[in-house]
Amino acid sequence: RLETDLRHAILGSAKSLNFNGLESQEILSLETAQPQSLNQSILPLLPSQNNCIDPTEFVVYYQPIVKLPTAKVVGFEALVRWIHPTRGLVSPGEFIPLAEETGLIIPLGSWILKQACQQLTIWQQSYDQVWEKQDIQNGAVPPLTMSVNLSSQQVVQSNLLETIDQILAETNCNPHCLKLEITESIIMKNFQTSVVVLDELRNRGIQLSIDDFGTGYSSLSYLHQFPINTLKVDQSFVRRLQPKTFNSLEKSSQQIQIIRAIVTLAHNLDLDVIAEGIETDEQRQLLQELDCEMGQGYLFSKPLNPEQATQFLLNS
Ligand code: C2E
Ligand code: MG
Ligand code: MG
Ligand code: MG
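Bear in mind that the values here come from a model prediction, so they are computed numbers and not experimental data.

**Student:** Which residues make up the overall build of the protein chain, and what values do they have?
**Tutor:** Helix and strand counts for the protein chain come out as 14 helices and 9 strands. The contacts of the protein chain with a sequence gap of at least 6 include a subset with a gap of at least 24, amounting to 68%. Accessible area of the protein chain: about 15,000 Å², with a carbon and sulfur share of 50%.

**Student:** Please set out the packing of helix α5 (residues 105-126) against helix α8 (residues 160-171) residue by residue, giving values where relevant.
**Tutor:** Between α5 and α8, the shortest axis-to-axis distance is 9 Å and the interhelical angle comes to 30°. Relative to α8, α5 is oriented roughly parallel. Like other packed secondary-structure pairs, α5 and α8 cross with a definite hand, here right-handed. Note on element contacts: α8 touches α5 through Thr-163, Ile-164, Ile-167, Leu-168, Glu-170 and Thr-171, opposite Ser-110, Leu-113, Lys-114, Cys-117, Gln-118 and Thr-121.

**Student:** I'd like a rundown of the coordination of the magnesium ion (ligand 3), residues and numbers included.
**Tutor:** Ligation of the magnesium ion (ligand 3) by protein atoms is provided by Asp-211 (OD), Asp-212 (OD), Glu-276 (OE) and Glu-276 (OE), these donors lying 2.0 to 2.5 Å from the ion. We note that the donor set of the magnesium ion (ligand 3) lies within a single chain, spaced as D-D-x63-E. Here the magnesium ion (ligand 3) and the magnesium ion (ligand 2) are spaced 4.3 Å apart, and both take Asp-211 as a donor.

**Student:** Which residues make up the site of ligand 1, and what values go with them?
**Tutor:** Taken together, 21 residues sit near ligand 1, with Arg-81, Asn-149, Asp-211, Glu-279 and Tyr-298 positioned nearest. Between ligand 1 and the protein, one listed contact pairs an oxygen atom with a side-chain N or O atom of Glu-276 at 3.3 Å. In this structure, a nitrogen atom belonging to ligand 1 sits 2.5 Å away from a side-chain N or O atom of Glu-279. Isolated, ligand 1 exposes 800 Å² of accessible area, and the fraction of that covered by the protein chains is 82%. Among the detected pockets, ligand 1 sits in the largest pocket. Listed by contribution, the elements that provide at least two residues to the shell around ligand 1 are β2 (73-84), α4 (92-102) and β6 (207-213). Considering each element in turn, the shell around ligand 1 owes the most residues, 4 residues, to β2. A breakdown of the residues in the shell around ligand 1 according to their chemical character gives 8 nonpolar, 6 polar and 7 charged.

**Student:** Report on the environment of Leu-120, specifying residues and quantitative values.
**Tutor:** One can find Leu-120 in helix α5. Residues Leu-120 and Cys-177, spaced 57 residues apart in sequence, show a C-alpha to C-alpha distance of 8.4 Å. Each residue touching Leu-120, except ones within four places of it in the same chain, is listed here: Leu-144, Thr-145, Met-146, Cys-173 and Cys-177.

**Student:** Explain the coordination of the magnesium ion (ligand 2) to me, using residue names and the numbers behind them.
**Tutor:** Bound to the magnesium ion (ligand 2) are the protein donor atoms Glu-77 (OE), Asn-149 (OD1), Glu-181 (OE) and Asp-211 (OD), situated 2.0 to 2.2 Å from the metal. Each donor residue of the magnesium ion (ligand 2) belongs to the same chain, and together they define the spacing E-x71-N-x31-E-x29-D.

**Student:** Residue-level account of the nonpolar core, with values.
**Tutor:** Counting 78 residues, the largest nonpolar core has Phe-58, Leu-180 and Leu-201 as its most contacted members. Per-element tally for this core: the top contributor is α5, with 10 residues. Not counting residues within four places of it along the chain, the set of residues in contact with Leu-180 comprises Leu-113, Val-148, Leu-150, Ile-164, Leu-201, Ile-206, Gln-207, Leu-208 and Ser-209.

**Student:** Which residues make up helix α14 (residues 306-315), and what values do they have?
**Tutor:** Turning to α14, its buried residues number three or more, namely Pro-306, Ala-309, Thr-310 and Leu-313. Along the long axis of α14, the arc covered by the buried residues comes to 100°, so they all point the same way. The exposed residues of α14 that point more than 90 degrees off its buried face are Glu-307 and Asn-315. At its buried positions, α14 is contacted by β1 (58-67), β2 and α5. Regarding α14, its N-cap is Asn-305, as a side-chain oxygen of that residue lies 3.1 Å from the backbone nitrogen of Glu-307 further along.

**Student:** Describe in detail the pairing of strand β4 (residues 145-149), supporting the description with residues and values.
**Tutor:** A large share of β4 lies buried, amounting to 4 of its 5 residues. With 4 bridges joining them, β2 and β4 adopt parallel strand pairing. Along β4, the bridge assignment pairs Ala-78 with Val-148.

**Student:** Please give an account of unusual backbone geometry that cites residues and values.
**Tutor:** Here Asn-172, not a glycine, exhibits a phi torsion of approximately 60°, which is positive. You can see Asn-172 is positioned in the loop between α8 and β5 (178-183). Phi is positive for Asp-291, close to 75°, though the residue is something other than glycine. Note on placement: Asp-291 falls in the loop between α13 (281-289) and β9 (294-295).

Here is what the cut-offs are and how they apply
Residues numbered from 1 in each chain as written. Chains lettered and ligands numbered in written order. Predicted model: local features only at pLDDT ≥ 70, side-chain atom pairs only at ≥ 80, totals over all residues. Heavy atoms only, no water. Helix = DSSP H or I, 4+ residues; strand = E, 2+ residues; numbered from the N terminus. Contact = heavy atoms within 4.5 Å. Areas by Shrake-Rupley, 256 points an atom, 1.4 Å probe, with all protein chains shown as cover. Axes fitted to C-alpha atoms, helices over the stretch in contact; angles between N-to-C directions. Parallel < 35°, antiparallel > 145°, perpendicular 65-115°, else oblique. Left-handed = near helix turned anticlockwise from the far one by under 90°. Donors = N, O, S within 2.8 Å, 3.2 Å for Na, K, Ca; no water. Near = heavy atom within 4 Å. Polar contact = N/O pair within 3.5 Å; in protein donor to acceptor, adjacent residues only side chain to side chain. 1 Å grid on protein atoms, 1.4 Å probe; cavity = no way out; pocket = protein on both sides within 12 Å on 5 of 7 lines; lining within 4 Å. Sits in = over half its atoms within 2 Å of the grid points. Nonpolar A, V, L, I, M, F, W, Y, C, P; charged D, E, K, R; others polar. Core = buried A, V, L, I, M, F, W, Y, C linked by side-chain atoms within 4.5 Å. Buried < 20%, exposed > 50% of the residue type's maximum accessible area, 1.4 Å probe, protein only. Arc of directions from axis to C-beta. Pairing = 2+ DSSP bridges.

Without other data, these values stay purely geometric and don't point to any function.
Printed below as a string of structure tokens:
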């Protein structure tokens, strides 16, 4: 049942992409894969006013990523939510695996990427007054990055690069400001393809992050084989930094040592580090002492809808 709902919701959202070529073939195959007629299966879920369906049951939320010493926003991570007609907000933890299994992640992933790139362009064009002119002059890369999660299926998607090129062009998004997040497990599962795809992404100037770093069963030797920019310390490590970890006698606690090792490894490889899931000021302080330069977590902000995220950006 959830799968049928997901199929419809994604079909609606993917159609709003208005892609031609390969993408519309995918959309078409989604439609033909549907056993019943679209209307029949979606009608029971809708309020019975008219036959007018709002196809977009997804919304992309944005969680700020901040510099640790200043808490200044340096980017956002796009995190999708499904507004189910009867079940309410369904978390990505629940439906991304289903979308992966069914292949629906391909059109959904394209839709999310397009939303995120569009939003980034809007922010960069409309709110450039919130950044100091200096910031822009100092580096070739305009401030504010947009991080988007890539799924396993997308990495092996045959037209991933064309799709990304098309989205970047259509949304007028600077590739240097896009950061794609991929987990170690995805890389390990598709090693050969990942090497090629990630190289191609870097050739376009797109930045790459390893998400949930430290949780995959992987050898570290892959790190230097991939053109990565950033390691994201998994939130499970940050969560284990509990207040008792902080008294000076326990400064050498295992939890601290693990994070210290990740930060040192990253810096030795010339990578940035983002700590995920920072919820307390003690955690922030400790991570800062450990030289972790960026953070993300409820302490700074939960994922926000586009309006709230815009407000957050203007206030930061
Ligand atoms: P992730 O990419 O590691 O994203 C971070 C998750 O941690 C998000 O959960 C975020 O809301 C949550 N989080 C952030 N700060 C805190 C904190 O301080 N405390 C706690 N407890 N949690 C925090 P979310 O949005 O539910 O997403 C879960 C996972 O689903 C993501 O993990 C990612 O793997 C996947 N996902 C989400 N959106 C997308 C998407 O657009 N595409 C793909 N392929 N996967 C997505
Ligand atoms: Mg992520
Ligand atoms: Mg993560
Ligand atoms: Mg994750």
